[in-house]
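Close look at the chain arrangement
Letter by letter, the chains look like this.
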Amino acid sequence: MTQPLFTQYCDGRQVSCPEWMRQWDSKYLGDQGYSAIEILRTFYGSSIYINTSEEISGVPASWPGFNLSIGSNNSKVKQMQDQLNVISKAYPLIPKISSDGIYGEKTANAVRVFQKVFDLPQTGVVDFATWYKISEIFVGVSRIAEIV
């Protein structure tokens, strides 16, 4: 069975490491001219290998591939509206909007305010940069990335 290696930070002072590969031991082997695979095999045995890939695929992108603006009507508009409403709890200057998937003037206004707050061009259009800034701020304020 093939499994990835577990990694962790160990400085030897504040955090000690178990008996597998240690940061400074691997550094010293590198200083002696060992290659990455030779260092790994020193700690894990000769059956270990490094797998490579020409292209990584299957990583989903949330960007819809086109700008969202007045008249847009789809699930990506609703996703963005939902995220803006969560963000508005932490940034009350951003007005709450209907989360109906319809990009109207109120949504465009909320986007313009968001863009102003986060120093983006105030177009009222959700382009690539605005989409990913909304996503970034949403993750931060919702704490969605934290393990609870």
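Further up the page is the structure itself.
Residues numbered from 1 in each chain as written. Predicted model: local features only at pLDDT ≥ 70, side-chain atom pairs only at ≥ 80, totals over all residues. Heavy atoms only, no water.

1. Quick notes on the nonpolar core
Where a protein is soluble and globular, its nonpolar side chains tend to be buried together. Grouped together as the largest cluster of nonpolar side chains are 21 residues, with contacts concentrated most on Met80, Leu84, Tyr103, Phe114 and Val126. Elements with a contribution of two residues or more to this core: helix 3 (75–90), helix 4 (105–117) and helix 5 (128–142). It is helix 4 that provides the largest number of residues to this core, a total of five residues. The contacts of Tyr103, once residues within four sequence positions are left out, are Leu68, Ser69, Ile70, Gly71, Ser72, Val77, Met80, Ala108, Val111, Gly124, Val125 and Val126. (Core = buried A, V, L, I, M, F, W, Y, C linked by side-chain atoms within 4.5 Å. Buried < 20%, exposed > 50% of the residue type's maximum accessible area, 1.4 Å probe, protein only. Helix = DSSP H or I, 4+ residues; strand = E, 2+ residues; numbered from the N terminus. Contact = heavy atoms within 4.5 Å.)

2. So, the packing of aromatic side chains
Considering all chains together, one arrives at five aromatic pairs under this definition. Consider the rings of Trp63 and Phe128, whose centres lie 5.5 Å apart with planes at 75°: the pair is edge-to-face. With Trp63 in the loop between helix 2 (36–44) and helix 3 and Phe128 in helix 5, the pair connects residues that are 65 residues apart, well separated along the chain. Residue Phe128 is classed as partly exposed on the basis of its relative accessible area, which comes to 48%. (Phe/Tyr/Trp six-rings, centres within 6.5 Å; stacked < 30°, edge-to-face > 60°.)

3. Quick look at helix 4
Given a rise of 1.5 Å per residue, 13 residues ought to cover 18 Å, and the 18 Å separating the end C-alpha atoms of helix 4 matches this to within 8%. Where helix 4 is concerned, the buried positions are Thr107, Ala108, Ala110, Val111, Val113, Phe114 and Gln115. Against helix 3 and helix 5 lie the buried residues of helix 4. Once helix 4 finishes, Asp119 follows within two positions and takes phi at roughly 55°, a positive value. (Expected span 1.5 Å × (residues − 1).)

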